[in-house]
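# A structural walkthrough
For reference, the chains in residue letters:
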Amino acid sequence: MKLLTPSTSKQVEPAFLPPDFNASSGEGSLSLSESDNDIPEKKWKISPEKWICAKSSKVKHSNLNSIITEKLELLILLQRMSKDSMTEENNDCIKNLELETKQVSTDTKCVYCDDEEHGEHGSKKNTKCINLSEDSTDSGYAWVILVSAFFLEVLTGCSLTSFGIMMVDIIDSTEQRASNIAFIGALLSSFLGLSGVLLGPIVHRFGCRVVVFSGSLILALCCLTTFLVRNVIVYYFSMGIVSGVGYSCYQLGAPVAVSHWFQKKKAFSLSVIMTGISVGSMLWGPITRLLINKYSWRGAVLIIGGLQLHGCLIAAILKPGPLLSKSLLEKKRSSRFNKEILKNKRFIIYCFSNFTLLYGHVVPFMMLPIKAESNGISKMNAAVLVAIMGACSTTVRPLVGYLGDKAWFDKNFVFGIFSILGGILTSASFYMRTYNLLIIYACLFGMISATYIPLTLSVAVEIVKKPEFIANGLAIILTVHGLATLVSITAFGTLDYVQLKNNCEKDTVFQHFTQSVHIQNALATTYESTGDRWRTFSYRKAAAAVKRYPRPITSFEEALAIPGVGERVANKIWEIVETGGLRKLEELSNQEDIKAISTLSGIWGVGQTTARQWVSQGIKTLEDVRNKAKLTRPQQIGLKHYDDLLERMPREEAGRIDDFVREKCLGIDADLVILCCGSYRRGKETCGDVDFLITHPDGKSHHDLLPKIIKRLGSFLTDHLVSLQQKGGQSKYLGVCKLDEEGAKHRRIDIITVPRDEYACAIMYFTGSAHFNRSMRHLAGKMGMSLSEHSLNKGVVRKRGEKLNPGVPLPTPTEESVFKHLGLKYLPPNERDH
DNA sequence: CGGCTGTACTG
DNA sequence: CAGTACA
DNA sequence: GCCG
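The rules behind the values
- Residues numbered from 1 in each chain as written.
- Chains lettered and ligands numbered in written order.
- Predicted model: local features only at pLDDT ≥ 70, side-chain atom pairs only at ≥ 80, totals over all residues.
- Heavy atoms only, no water.
- UniProt positions renumbered as here; feature names shortened; annotations may be inferred.
- Salt bridge = Lys/Arg side-chain N within 4 Å of Asp/Glu carboxyl O.
- Helix = DSSP H or I, 4+ residues; strand = E, 2+ residues; numbered from the N terminus.
- Buried < 20%, exposed > 50% of the residue type's maximum accessible area, 1.4 Å probe, protein only.
- Near = heavy atom within 4 Å.
- Polar contact = N/O pair within 3.5 Å; in protein donor to acceptor, adjacent residues only side chain to side chain.
- Nonpolar A, V, L, I, M, F, W, Y, C, P; charged D, E, K, R; others polar.
- pLDDT = per-residue confidence, 0-100.
- Contact = heavy atoms within 4.5 Å.
- Pairing = 2+ DSSP bridges.
- Axes fitted to C-alpha atoms, helices over the stretch in contact; angles between N-to-C directions.
- Phe/Tyr/Trp six-rings, centres within 6.5 Å; stacked < 30°, edge-to-face > 60°.
- Parallel < 35°, antiparallel > 145°, perpendicular 65-115°, else oblique.

An unreviewed UniProt entry lists chain A under the name DNA-directed DNA polymerase, with Dimorphilus gyrociliatus as the source organism. Listed under Catalytic activity (unreviewed entry) in UniProt, the entry text for chain A is "DNA(n) + a 2'-deoxyribonucleoside 5'-triphosphate = DNA(n+1) + diphosphate". In the Sequence similarities (unreviewed entry) part of its UniProt record, chain A is described as follows: "Belongs to the DNA polymerase type-X family."

Put into structure tokens, the structure is as follows:
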């Protein structure tokens, strides 16, 4: 085995080599004498000196035990200390190490077996040595185990990948500082590693089946908790600490299980499951994004929790194998922490450099989706970036492993160069704002990090030199990695581009930046009360543009350059950035009348005109309205539910309303097509109302449908605001509903029924957003067309806004067709916010 | 200077 | 027709 | 109030 016979006796060959190397290396050099097959326990405790002795030059058979022992000890240490799970690379190292260990034990043809009775360990009885017949492993059920273990690792890959993807949405919906949420990720990654300390003995005691099973349940429970509870402190546990432990179970379980079943092809099998985690991290990004788009991030968490329950299935498949290496794990660890290592100045310096390296390394992984999003890249594409990074890192890693073994390969050099490259690249990434550039960044960074991260450990081994310190040294390095991860993610959340995304930051520039959005909107509202419709329009537009703008505004000119922001608004933005306020707004909004107007126009059915009229008549409070004002029917209802109707409902509630209405409608006619549109369809976390679009596939049964539906919904609809028959066959109902639940509030509900051939345009319209509809209609207008909720018409002739020729409808069977006619790429509902 | 989405009910 | 609403 |  080449591993144990390095080219020079001085060079300590690091324990981290790629599986393919081990797999392909000859077995011959290590064949052992029979006597090694029966190894008494004591013999396993062998000093590190013997290990290195075995490593340098010729292998002494009698020392092989010590090699195995030492490696296992290292393994234990690594498993405890490592899993800088951000990057999985360390795990790979562990697995490589583990695999190598297995290889050794395989080669010796000495395998430990253990009756899978849980608990009764600690005595020699349990540990016996057998000569294996080769057919009992590597085939048959072993392959089932391999596939299961592979999928287990795929499930593990979910951990930080999906959290990274989700972070943006979590920040949005919890309105927490980004750093608070990022801290969950830091906890997750730390506990993924830390829990190895606890799990090591537990895997040993209860077997990997039990551990994987519990891991699965733990994860499912965590996800359920996250789904149900709306409290960030709880998330620290449910998504951070406890989830970390859960994933740790998977992570430990898979290689252990496989090592129980594979003998000859152990190296191969371990490399297979190793790729599992990479495949997992590639897959989970897009999957998570899709789930979030469809069900919001809470829903996604719940579904992921469900998916993690597959771990139970896998646990059931993972029956104890004929080979059992875990009994080896139980050996008492002989190496204690040796302070001598701290006298090695090179090593200390190396530790610091590793800290800074990892400090910088970890952030891009976790923050990439946020960075992408803050630069206006769609969430799905951000997820794709993560997948790309994963893929690149996956492809390069085996290559590095392969090259790492070559004599001419200068690890120190490569490590140095690539870590510097990674640093430069990441610094440069600050200026990468377009999707294409970020793709390149993801690719390069994935590849570069796949190079230097595994090498950190190899280089450490070379620096430590003294064999008795290697275990300690590696443990220290891995601790440093873990620490760096924790510190960097926590710290970083408060520093860089994360803030740009957020609107709840207290930091000066950023605060002013977000405040400006707020104030612009306030100004818009204020002007609305004054009645200047088009000024309002412009403020709204400018506010939206500023909100979209991915960076803090640092100069007047920068503000002016934003489309939709002119000189006057730029002046105001600059005043906000510099002083934190806007005098004009304060003047205006301190006027009692203006406050009154905005209060009154909160009543459904009361607009600017009515509100202003009332105020001028001295009606300034809701109480005044109740007593003095003349109210229309809808306004009375609006006043009755004033507070309820101004409140937005959580997405889940909209979902329950959807279920209820859907069931009732299908009771009328099972063929009806019911779609809940509006902000719900766009995947928003809260909804101001629920919008139902209903049609019948036969193209005619939508006639007279709406009254039936309203009748059917009965007391669910508490008040009717408007119920109208439109000319073209569309009917619209606006009303108020309330679920039959404890503490349920009144909610606005809109229902429209449309003819089949207007369905696509109606969906477009009813899904919105309002602003998106305006843009689409504006675009249609510029192209000589006209878009409405009924149809997309072409050949429209307009003259000074007036339509002279209504044009002819284009065929629009689907939403896609509408986009196509307008020369646009299809946008899924969740991307129609602008 | 003139447009800034397009449609439809209520009173 | 003006006012209000829907996305 | 912004933009063409």
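Read on for the rest.
Counting across every chain of the model gives 18 salt bridges. Between aspartate 719 and lysine 640 there is a salt bridge, and its shortest N-O distance comes to 2.9 Å. One end of the pair, aspartate 719, is in strand E7 (residues 717–725); the other, lysine 640, is in helix H26 (residues 633–640), and 79 residues separate them in sequence. Its relative accessible area of 8% is what places aspartate 719 among the buried residues. For glutamate 741, the salt bridge goes to arginine 656, with nearest N and O atoms at 2.7 Å. Of this pair, glutamate 741 sits in the loop between strand E8 (731–737) and strand E9 (747–754) while arginine 656 sits in helix H28 (residues 651–668), and the two are 85 residues apart along the sequence. On the accessibility criterion, glutamate 741 (32% relative accessible area) is partly exposed. Each member of the salt-bridge network shares a partner with another, and the members are Arg681, Glu815 and Arg832.

All right, on to the protein's contact with DNA strand C then. Taken together, 21 residues form the shell around DNA strand C, and within it Gly605, Thr610, Asp689, Asp691 and Tyr765 come nearest. Near-protein atoms of DNA strand C (within 4 Å) split between backbone and bases, with sugar and phosphate holding 84%. Valine 606 is positioned such that a nitrogen or oxygen atom in its backbone is 3.4 Å from a phosphate oxygen of DNA strand C. At a separation of 3.0 Å, a sugar or linking oxygen of DNA strand C approaches a polar side-chain atom of aspartate 750. Counting only elements with at least two residues in the surface near DNA strand C, the list comes to helix H24 (608–616), strand E6 (689–695), E9, helix H31 (759–767) and helix H32 (770–782). Here the surface near DNA strand C is built from residues that sort into six nonpolar, nine polar and six charged.

Turning our attention to the protein's contact with DNA strand D. In the region of DNA strand D, the neighbouring residues are Trp534, Arg535, Phe537, Ser538, Tyr539, Pro563, Gly564, Val565, Gly566, Glu567, Arg568 and Val569. Each atom of DNA strand D within 4 Å of the protein was classed as base or backbone; sugar and phosphate made up 72%. Between a phosphate oxygen of DNA strand D and a main-chain N or O atom of glycine 564, the distance comes to 2.6 Å. Take valine 569: an N or O atom from its main chain is 3.0 Å from a phosphate oxygen of DNA strand D. Counting residues per element, the ones that place at least two in the surface near DNA strand D are helix H19 (533–548) and helix H21 (567–579). Considering only residue class, the surface near DNA strand D consists of six nonpolar, three polar and three charged.

Averaged over every residue, the pLDDT of chain A is 74; residues scoring 70 or more account for 72%. Below a pLDDT of 50 lies the segment residues 1–135, which in the model reaches 306 contacts outside its immediate sequence neighbourhood of four places, other chains included. Ignoring residues within four places in sequence, the model shows residues 325–336, a span with pLDDT below 50, making 37 contacts including any to other chains.

Looking now at the side chain of histidine 696. With respect to the helices, strands and loops of the structure, histidine 696 is situated in the loop between E6 and helix H30 (705–713). Among the polar contacts listed, one links the side chain of histidine 696 to the side chain of aspartate 669, at a separation of 2.8 Å. Apart from residues no more than four positions distant in its own chain, histidine 696 is found in contact with Asp669, Asp671, Leu672, Ser701, His702, Val754 and Arg756.

If you walk across this open sheet you meet the three strands as E10-E11-E14, and the pairing is antiparallel. Strand pairing shows two members of the sheet lacking a second neighbour, strand E10 (785–787) and strand E14 (808–809), which therefore form its edges. Packed onto the sheet, H32 meets E10 and strand E11 (792–794) and runs at close to 160° relative to E10.

What follows covers the environment of isoleucine 388. Within the secondary structure layout, isoleucine 388 lies in helix H13 (residues 379–404). Taking the C-alpha atoms as reference points, isoleucine 388 and leucine 444, separated by 56 residues in sequence, lie 9.8 Å from one another. Discounting residues that sit within four places of it in the chain, isoleucine 388 has contacts with Ile439, Ala442 and Cys443.

Let us now look at the packing of aromatic side chains. The final tally for this structure, using the stated rule, is 10 aromatic pairs. Geometrically, the ring pair formed by tyrosine 235 and tryptophan 297 is edge-to-face, given 5.7 Å between the ring centres and 85° between the ring planes. Here tyrosine 235 is found in helix H8 (residues 232–259), whereas its partner tryptophan 297 is found in helix H9 (residues 266–308), with 62 residues between them in sequence. Per residue, the accessibility class of tyrosine 235 equals that of tryptophan 297, and both read buried.

Each pair of packed helices can be summarised by the angle the axes make with each other and by the distance between the axes. Viewed as axis vectors pointing N to C, helix H6 (residues 158–174) and H8 meet at an angle of 175°, and their least axial separation amounts to 13 Å. One element, H6, and the other, H8, form an angle in the roughly antiparallel class. Where H6 approaches H8, its residues Cys158, Ser159, Phe163, Met166, Ile170 and Thr174 are matched on the opposing element by Val232, Tyr235, Met239 and Tyr247. When its residues are assigned to classes, the contact of H6 with H8 shows eight nonpolar, two polar and no charged.

Let us look at the UniProt feature "active site" (unreviewed entry) in chain A. Per the UniProt record, the feature "active site" (unreviewed entry) sits at Lys572. Inspection of the secondary structure assignment puts lysine 572 in helix H21. Excluding anything up to four places from it in sequence, lysine 572 contacts Gln520, Leu523, Tyr539, Leu582 and Lys584.

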